[in-house]
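A look at the structure
Below, each chain spelled out in residue letters.
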Amino acid sequence: MSVNASGWKPEMNAANESAAPATFTGNKALMLEEGLIFEIGAYDRTGVDLPEPPRVASRLGGLERNRPIGLPGLAEPEVVRHYTRLSRQNYGIDLGFFPLGSCTMKHNPRLNEKMARLPGFADIHPLQPVETVQGALGLIDLVGEWLIRLTGMTAVAMSPKAGAHGELCGLLAIRAALTARGDARKVILVPESAHGTNPATAAFCGYAVENIPATTEGRVDLDALKRRLGPDVAGVMITNPNTCGLFERDMIAISEAVHAAGGLVYCDGANFNAIVGRVRPGDLGIDAMHINLHKTFSTPHGGGGPGSGPVVLSEALAPYAPLPFIEKDGDRFRLVEEETAGEHHAGSFGRMVAFHGQMGMFVRAAAYMLSHGADGLRQVAEDAVLNANYILRSLEGVLEAPFAHSGPCMHEALFSDDNLAEGFTTLDIAKGLIDEGFHPMTMYFPLVVHGAMLIEPTETESKAALDQFIGALKSVAERAQAGDAALKAAPMLAPRRRLDETAAARKPVLVYRDPAPLTQAAE
Ligand SMILES: *Cc1c(COP(=O)(O)O)cnc(C)c1O
């Protein structure tokens, strides 16, 4: 069987749909419909049998509840089935390919999970005396040491809990450094192709955000950047590799120009997985960069777990790193929790989180680093880039690839909606992919490309998996180019059809309103 052909033909869809019976239950074969827990439970039911409490005089002075609290009661098997059914409607990296560009959804090796569950890591408490958690502190230090070596930077702040949180950490360090030299600069420059969190972080820090245009190649316009630099510019935030999936080749020239104008360079390092082991950001003149452990180093994210966004810092910013941090004292580790006048961290901008960061993620990242080794991490980057280029070159004749002329891509391939039939959009392609059993790619981002489709395969997909995805996307794209009206109705095979996603995002219904008032149950 050719893996390139998905086996699915447009005419089969029409036949399927008309032949598909509307079932009595609403279930689709063994894919079961599931109501809200409020709809399937009842106020007068409970999963446990408790004896009627003895009648005692209340001592609550009339404040006792006199109505049911409104929690739906269910028996244990009903609860188990409810959540198991919902989990089957969820799509995850353990089910199939997750091509979300920018998000780096890669396999989470089970070895990492096993290590994170070791009682010595899993059962400790952040308030334990440091003498009792030397191993855990040693592990945080080890991950930090690897990050410093891999990036060629001077220091690392381990506590930020996500990429965006790391951006905040980096900008606070930049602000502290500028304040220390009595320089109250007000502007952060952000290129057009930046991730949305970059301008949001700069604005959150109180900076005015100004845009720097991209070249037709999809890279930062160096001349435009140089023209805008001046004594009011605190720094730049540049994503490298950028959100068009391209390496910013002028990065050294950018850093030099920014430094010459008295500013500092923040690099969004969420795409570090494309260059880990091959390029050290410290060599490119970068002053601060966050690293998403949940992207480059495979720790779970999204519904799978919390993120972790350590920030590596240059010599210029190291003195302003947040607290707490770990220091090695002979063969012991100590936790520095406060600024101490006269010490190297006296300028710390303060604390970002209550404790030390995401311990479970540090354990997973350490397991990933140690099991791959330095050479294995380099191969991660090479294979991620190879896979993305395979997708780019396999599909550039099918979909419009606006930057295919700019040379090989890095870890993600970018397409636009330029050659679809009138009235067909990126959204139709995404919905068609759902019927094919694929989670859609990232859509409408980056903003510099019309109807953008950003696809990141990561190194963990096999050639067979990529071929199947390419076949499916090709088939859906051809339907969108041929103006197949059935595609406008996709997804046909999902538990829910096309939703009003704007209303769902803008006006979410977060509170269940019981059609039968609570009082009825009380009667
Ligand atoms: C994912 C991502 C971020 C934000 O990281 P979070 O961990 O989701 O906060 C920032 N920039 C880029 C380029 C990203 O891909």
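Because the structure is a prediction, the values reported are computed rather than measured.

Cut-offs applied
- Along each chain, numbering runs from 1 in the same order as the chain's sequence is written.
- Owing to the predicted nature of the model, reporting of local features is limited to residues with pLDDT of at least 70; listing and counting of side-chain atom pairs is limited to 80 or more, with chain, interface and lining totals taken over all residues.
- With hydrogens and water excluded, all non-hydrogen atoms of the structure serve as input to the side-chain values.
- Strands are runs of DSSP state E lasting at least 2 residues, helices are runs of H or I lasting at least 4, and numbering of each runs from the N terminus.
- Criterion used throughout: strands pair if DSSP finds at least two bridges between them.
- Contacts: residue pairs with any heavy atoms within 4.5 Å of one another.
- Lines are fitted to the C-alpha atoms to define the axes, a helix being fitted only along its stretch in contact, and any angle between axes, read from their N-to-C directions, falls within 0 to 180 degrees.
- For this purpose, a residue is taken to be near a molecule or strand whenever a single non-hydrogen atom of the residue falls within 4 Å of it.
- In the analysis that follows, any N or O atom pair within 3.5 Å is treated as a polar contact, provided that within protein one partner can donate a hydrogen and the other can accept it, and provided that, for residues neighboring in sequence, both atoms belong to side chains.
- Here the Shrake-Rupley method, with its probe set to 1.4 Å, supplies the accessible areas, and only the displayed protein chains count as covering residues.
- Delimitation of the domains relies on an automatic or database domain assignment.
- The term buried area refers to how much accessible surface (probe radius 1.4 Å) is lost by two components on association, counted for both of them together.
- A side-chain nitrogen of Lys or Arg and a carboxyl oxygen of Asp or Glu constitute a salt bridge if their distance falls within 4 Å.
- A 1.4 Å probe that fits into a set of points on a 1 Å grid over the protein atoms alone but cannot get out defines a cavity; an open set with protein on both sides within 12 Å along at least five of seven lines defines a pocket, and lining residues are those with an atom within 4 Å of a point.
- Grid points are joined across faces, edges and corners, and a volume is the space filled by probe spheres set on the points.
- Gly counts as polar in this scheme, as do all residues outside two lists: the nonpolar Ala, Val, Leu, Ile, Met, Phe, Trp, Tyr, Cys and Pro, and the charged Asp, Glu, Lys and Arg.
- The rule is simple: take the accessible area with a 1.4 Å probe, protein chains only, and divide by the maximum for that residue type; under 20% is buried, over 50% is exposed, in between is partly exposed.
- Under this rule, positive means Lys or Arg and negative means Asp or Glu; His and the chain ends count for nothing.

**A few points about unusual backbone geometry**
Here the bond from leucine 323 into proline 324 is cis, since omega is -10°, no more than 30 degrees from zero. Mapped onto the elements of the fold, proline 324 is located in the loop between strand S7 (311-313) and strand S8 (325-329). Residue proline 491 follows alanine 490 across a cis peptide bond; omega there is 5°. Unlike most non-glycine residues, alanine 29 shows phi in positive territory, near 50°.

**Observations concerning the sheet that holds strand S11 (residues 442-443)**
On the basis of which strands lie adjacent, the open sheet formed by three strands has the order S10-S12-S11 and antiparallel pairing. Across the chains shown, the open sheet's two edge strands, defined by having one partner strand only, are strand S10 (413-415) and S11. On the sheet, helix H12 (residues 359-395) packs against S10 and strand S12 (453-455) and is oriented at approximately 30° with respect to S10.

**Considerations on the site of the ligand**
Close to the ligand lie 13 residues; Ser102, Gly163, Asp268, His294 and Lys295 are nearest. Within the contact set of the ligand, an oxygen atom lies 2.7 Å away from a side-chain nitrogen or oxygen of histidine 294. In the model, an oxygen atom of the ligand is placed 2.7 Å from a nitrogen or oxygen of the lysine 295 side chain. Considered on its own, the ligand offers 380 Å² of accessible surface; in the complex 86% of this is hidden by protein. Elements that contribute at least two residues to the shell around the ligand include exactly helix H7 (163-180) and helix H11 (293-296). For the shell around the ligand, the element with the most residues is H7, which contributes three residues.

**Focus on the domain arrangement of the protein chain**
How big an interface is tends to be stated in terms of the accessible area lost upon association of its parts. In terms of domains, the protein chain is made up of domain 1 (36-47 + 71-88), domain 2 (111-368) and domain 3 (379-497). The straight-line distance from the C-alpha centre of domain 2 to that of domain 3 is 31 Å. Facing 24 residues of domain 2, the contacting portion of domain 3 comprises 19 residues. Carbon and sulfur atoms supply 60% of the area buried between domain 2 and domain 3, which totals about 1600 Å² over both sides. Joining domain 2 to domain 3, the criterion identifies one salt bridge. Note that glutamate 382 is salt-bridged to arginine 278, the shortest N-O span being 2.8 Å.

**A look at empty space enclosed by the protein**
One pass over the full model with this rule turns up two cavities of 30 Å³ or more. The wall of the largest cavity is formed by Cys244, Leu246, Leu392, Ala401, Pro402, Phe403, Ala404, Gly407, Pro408, Cys409 and Leu414. The space that makes up the second largest cavity amounts to roughly 30 Å³. For the second largest cavity, the full set of lining residues is Val156, Ala157, Met158, Ser159, Ala321, Pro322, Pro324 and Phe325. Classifying every residue of the lining of the second largest cavity gives seven nonpolar, one polar and no charged.

**What to know about the side chain of glutamate 167**
Summarising the element assignment, glutamate 167 is placed in helix H7. As a buried residue without a salt bridge, glutamate 167 has its nearest oppositely charged side chain in lysine 295, at a separation of 7.9 Å.

**Re the layout of surface pockets**
The volume enclosed by the largest pocket comes to roughly 930 Å³. For the lining of the largest pocket, the elements supplying multiple residues, two or more each, are helix H3 (76-88), helix H13 (426-435) and helix H15 (501-506). Ranked by residues supplied to the lining of the largest pocket, first place goes to H13 with five residues. Within the lining of the largest pocket, the residues separate by chemical class into 16 nonpolar, five polar and nine charged. Here the second largest pocket defines a volume of roughly 470 Å³. Contributing to the lining of the second largest pocket are 21 residues, with Ile148, Ala155, Val156, Phe325 and Ile326 lying nearest its centre.

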